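# Observations on the model geometry
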Amino acid sequence: MPNKPIINWEDGDQRGRAEAFERYAESQEAYDGVARAYHRDFLDIEPNRSSKPHFGANDYYAFRPEEQVPRQSKRIIKMCMDAYDKVGIVRNIIDLMGDFGCQGIQIVHENKSVEKFGQQWFKKIGGKERSERFLNNFYRTGNVFIYRSYAQITPEISKYIKSLAEDITLEVPQIEKGLVPWRYNFFNPLTIDMKDGNVSLFIGRKNYAITADTFFDNFKDGTIPAKVLETLPQNVKKAIKNQERKIDLDPDKLSVHHYKKDDWQQWAHPLVYAILDDIIMLEKMKLADLAALDGAISNIRLWTLGDFDNKILPTKEGINKLRNILASNTGGGTMELVWGPELKFTESNSQVYKFLGSEKYQSVLNSIYAGLGVPPTLTGMANNGGGFTNNFISLKTLMERLQYGRDELTRFWTKELEFVRKSMGFRKPFHVVYDQMSLSDEASEKNLLIQLADRDIISHETVLERFKEVPAVERVRLQREDKARDDEKLPPKASPFHNANQKFEMEKMDKQGQQQEKLAEKKEAQRPKNDNGRPPQKQDEGPRKQRVETPKSQPGLAELFLWANNAFDSTSLVVNGYLETKGKKNLRQLTKQEACEVEDLRIHTMMNLQPLGEINESAIYKAISTKFKPLPEPLKACAAHRNNIDTYRKMLIGSYVDYVISQK
């Protein structure tokens, strides 16, 4: 049979029909097939019954090991760190949590000079930047390793400490070690190994070693130059001498913090570990979008040879003829094709816009945000709002995580500041405070707390604690401000009865008084003269009747109060002489017993001065030279209030005035 481009047969011609299908079967080799994935079935487990095998997660990850979430701690930490480096959502949220958690961190102390020193030391070591790195590593890796380095208190360091502020008058103590923390380094948890494993957990020891392979690899021959060796710490020299590639870390210099670690775990799981599956899903969806974009303009054109309805079947030669024609037309433009009625053409294009879109990402992103503790209302992805309860719980979860990190950071700095306090010889500890961390209606909450304090429902100390302030420090600051106001170093405190324009008001009152005097003189001039009165320039003929005084209060009381205040201030000369005899520079160097003696000496001097008399050095010398007498009981009772200087002064002067009046 000659080669023809088509195959056909006549109706009723069974032999021709058989030959046509036989030739059509030979042309099947010209068709290109598509390879399809398949799996083996369990065939004929029972007569006429088969089943498919189980296909689980292990089978899936067997061909995709890079997508599987690891189970070993170090690999988990490594994958979480990679997610932070590569996934923008994770990086932004962890950075936000780190910045938000250490916002407004500050060092305070009851003593102003000591507080200045603590703040300058915190600034010198980069405390704010180290705090942000602490929280970033805390949320990112779940395991924070901080190694402390010290600085010797040399004369240069002492000079630097004293020059931190003008009002610091601290003396650097002579301590045995003479060390203060000066630098903090964060170690990569992947380079840290716990020695003795569970035994160290059981004993509770910080038995860690750091891998030094990178350092030793710099010296190919294994010989470290002597100049480099001299600069290394003793533990590093010991490891080199023993040819060990792991260096033991000094537990006294190492601080370890974990994110919600159980006691039986050697390593804590990072915050990102719970959403690794969602992160992998997000990355795969991005890859799917990339693959879809590669074929966004691909078209499929289907050329069909033959027509079963008209009993026309193509031959192998006809199929190859059409393929060669199509292959030769590689350029664009319209292709002119001459063919018969047995050729059909169908064109289809990919509707990639139906696949590329943000809708498919929403569920994955919501899972990632929820795993990190960020509510949908803060991300702007909640279409239906998510409900008040769900948003409140998510917001509460985020706040608790931030507060948990802030508590760990406070614990770390409290320990370090305690070391500084002991090294410098300060008496009272430092405190770490932050800005108020609130994502709710902060103004309403603070207003409610102030109203509760005004109604004596809660204490002022509770209000200060809710405002994240230290009550003891604020109490000292208030006393210091009150004293400054008494000394007129600060303006008066504002109140409903406070007038800020006092100078203007005094001038106004003075002018009003002058105007009233002029009006009074004018009225007096307009008053008619009384002819029945005493004639002008006439002298008295006899002595006048003396006026009987009936005072409502005892005379000289106000003058006695003023004199007593001046007398008490003048007794400061006694204090200076007492300090010289004791060889002390100021009152702070006196013991408690010596402080009581000098106060009793001042009261004795004041009691022997002549009331309302002249106060000078000779009068004070004469008063202090008199023989000591027992103090009156009211004056003795004032000694119980010597801790509060203002109260003690007022009670002492009041008791003295009462005593003087009672002796008249």
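Remember, predicted model here, so these are calculated numbers, not experimental data.

### Section: the packing of aromatic side chains
- Here the structure, examined in full by the defined rule, presents 18 aromatic pairs.
- Summarising the aromatic geometry, the rings of Tyr 184 and Trp 413 are spaced 5.6 Å apart at their centres and angled 80 degrees between planes, so their arrangement reads as edge-to-face. In this pair, Tyr 184 is assigned in strand E6 (residues 179-187) and Trp 413 in helix H16 (residues 388-424), connecting sequence segments 229 residues apart. Trp 413 shares its class with Tyr 184; the two are buried.
- Relative to Trp 413, the ring of Phe 412 lies with its centre 4.8 Å away and its plane at 55 degrees, an arrangement referred to as tilted. The same class applies to Phe 412 and to Trp 413, which are both buried.

### Observations regarding the confidence of the model for the chain
- Per-residue pLDDT for the chain has a mean of 76; in total, 74% of the residues score no lower than 70.
- Put simply, strand E2 (residues 42-46) is where the chain has its lowest mean pLDDT, 59, and helix H6 (residues 127-140) is where it has its highest, 94.

### Some details on helix H22 (residues 572-582)
- Here H22 has its buried residues at Val 574, Val 575, Tyr 578 and Leu 579. Within H22, the buried residues cover an arc of 135 degrees as seen down the axis, which keeps them to one side. Residues Glu 580 and Thr 581 are exposed on H22 and point more than 90 degrees away from its buried face.
- Here the buried face of H22 lies against helix H23 (592-607) and helix H24 (617-625).

### Observations concerning the pairing of strand E5 (residues 143-152)
- Extensive coverage of E5 is indicated by the burial of eight of its 10 residues.
- With five bridges joining them, E5 and strand E10 (residues 254-258) adopt antiparallel strand pairing. Looking at the pairing, Ile 146 lines up with Ser 255 of E10.
- As defined by bridge partners, E5 adjoins E6 across eight bridges and the pair is classed as antiparallel. Each residue of the ladder has a partner; that of Phe 145, found in E6, is Phe 187.

### Observations regarding the sheet that holds E5
- One open sheet holds the three strands; their spatial order is E6-E5-E10, and the pairing between them is antiparallel. With partners counted over all chains shown, the strands left at the sheet margins are E6 and E10, one partner each. Geometrically, the sheet is characterised by an average inter-axis angle of 25 degrees between neighbouring strands, direction not taken into account.
- Along the sheet, H6 makes contact with E5, E6 and E10, crossing E6 at roughly 35 degrees.

### Points about a nonpolar patch on the surface
- On the surface, a nonpolar cluster with roughly 310 Å² of combined accessible area is contributed by Leu 287, Leu 290 and Leu 293.
- Assignment of secondary structure puts Leu 287 in helix H12 (residues 276-294).
- With relative accessibility at 55%, the residue Leu 287 sits in the exposed group.

### Looking at the sheet that holds strand E8 (residues 208-211)
- Spatially, three strands are ordered E7-E8-E9 in an open sheet, and the strand pairing comes out antiparallel. Strand pairing shows two members of the sheet lacking a second neighbour, strand E7 (192-194) and strand E9 (246-248), which therefore form its edges. On average, adjacent strands in this sheet sit at an angle of 35 degrees to one another, irrespective of strand direction.
- Relative to E8, E7 is paired through three bridges, and the arrangement is antiparallel. Bridge pairing in E8 links Ile 192 to Ile 210.

### Focus: the pattern of salt bridges
- Under the counting rule described, the total for this entry stands at 16 salt bridges.
- Close ionic contact of Glu 110 with Lys 428 constitutes a salt bridge, the shortest N to O distance being 2.8 Å. Here Glu 110, found in the loop between strand E4 (106-108) and helix H5 (112-124), pairs with Lys 428, found in the loop between H16 and strand E14 (431-433); they are 318 residues apart in sequence, far enough to count as distant.
- Overall, Glu 110 belongs to the buried group, its relative accessible area being 16%.

### Re the side chain of Thr 605
- Along the chain, the position of Thr 605 falls in helix H23.
- Judged by its relative accessible area of 0%, Thr 605 is buried.
- Setting aside residues no more than four positions away along its own chain, Thr 605 makes contact with Thr 571, Val 574, Ile 620, Ala 623 and Ile 624.

### Brief notes about the packing of H23 against helix H26 (residues 645-663)
- Relative orientation of the contacting elements H23 and H26 amounts to 30 degrees, with a least axis distance of 12 Å. What the angle tells us is that H23 and H26 run roughly parallel. Classified by chirality, the crossing of H26 by H23 is right-handed. Contacts from Glu 599, Ile 603, Met 606 and Met 607 in H23 reach Tyr 648, Leu 652, Tyr 656 and Tyr 659 in H26.
- Of the residues that constitute the contact of H23 with H26, the class distribution is seven nonpolar, no polar and one charged.

### Re the environment of Tyr 184
- On the basis of relative accessibility, which here comes to 3%, the residue Tyr 184 falls in the buried class.
- For the pair Tyr 184 and Tyr 147, spaced 37 residues apart in sequence, the C-alpha to C-alpha distance is 5.7 Å.
- Look past the residues within four positions of Tyr 184 in its chain and what remains in contact with it is Trp 121, Ile 125, Arg 130, Ile 146, Tyr 147, Arg 148, Phe 412, Trp 413 and Glu 416.

### Describing the nonpolar core
- One finds Tyr 139, Val 272, Ile 279 and Trp 413 to be the most contacted residues of the largest nonpolar core, which totals 58 residues.
- A per-element tally of this core places H16 first, with eight residues.
- Apart from residues no more than four positions distant in its own chain, Tyr 139 is found in contact with Ile 94, Met 97, Tyr 259, Leu 271, Arg 401, Leu 402 and Gly 405.
- Counting 18 residues, the second largest nonpolar core, distinct from the first, contains Phe 568, Leu 609, Cys 638 and Val 657.

### Focus: the environment of Gln 68
- Tracing the sequence through the fold places Gln 68 in the loop between helix H2 (57-62) and helix H3 (73-86).
- The exposure class of Gln 68 is partly exposed, given its relative accessible area of 31%.
- For the pair Gln 68 and Asn 58, spaced 10 residues apart in the sequence, the C-alpha separation amounts to 9.0 Å.
- Excluding residues within four positions of it along the chain, Gln 68 makes contact with Tyr 61 and Met 79.

Each value, and the rule that gives it
- Residues numbered from 1 in each chain as written.
- Predicted model: local features only at pLDDT ≥ 70, side-chain atom pairs only at ≥ 80, totals over all residues.
- Heavy atoms only, no water.
- Phe/Tyr/Trp six-rings, centres within 6.5 Å; stacked < 30°, edge-to-face > 60°.
- Helix = DSSP H or I, 4+ residues; strand = E, 2+ residues; numbered from the N terminus.
- Buried < 20%, exposed > 50% of the residue type's maximum accessible area, 1.4 Å probe, protein only.
- pLDDT = per-residue confidence, 0-100.
- Arc of directions from axis to C-beta.
- Contact = heavy atoms within 4.5 Å.
- Pairing = 2+ DSSP bridges.
- Axes fitted to C-alpha atoms, helices over the stretch in contact; angles between N-to-C directions.
- Patch = residues over 30% accessible without salt bridge, like charges linked within 9 Å, V, L, I, M, F, W, Y side chains within 5 Å.
- Areas by Shrake-Rupley, 256 points an atom, 1.4 Å probe, with all protein chains shown as cover.
- Salt bridge = Lys/Arg side-chain N within 4 Å of Asp/Glu carboxyl O.
- Parallel < 35°, antiparallel > 145°, perpendicular 65-115°, else oblique.
- Left-handed = near helix turned anticlockwise from the far one by under 90°.
- Nonpolar A, V, L, I, M, F, W, Y, C, P; charged D, E, K, R; others polar.
- Core = buried A, V, L, I, M, F, W, Y, C linked by side-chain atoms within 4.5 Å.

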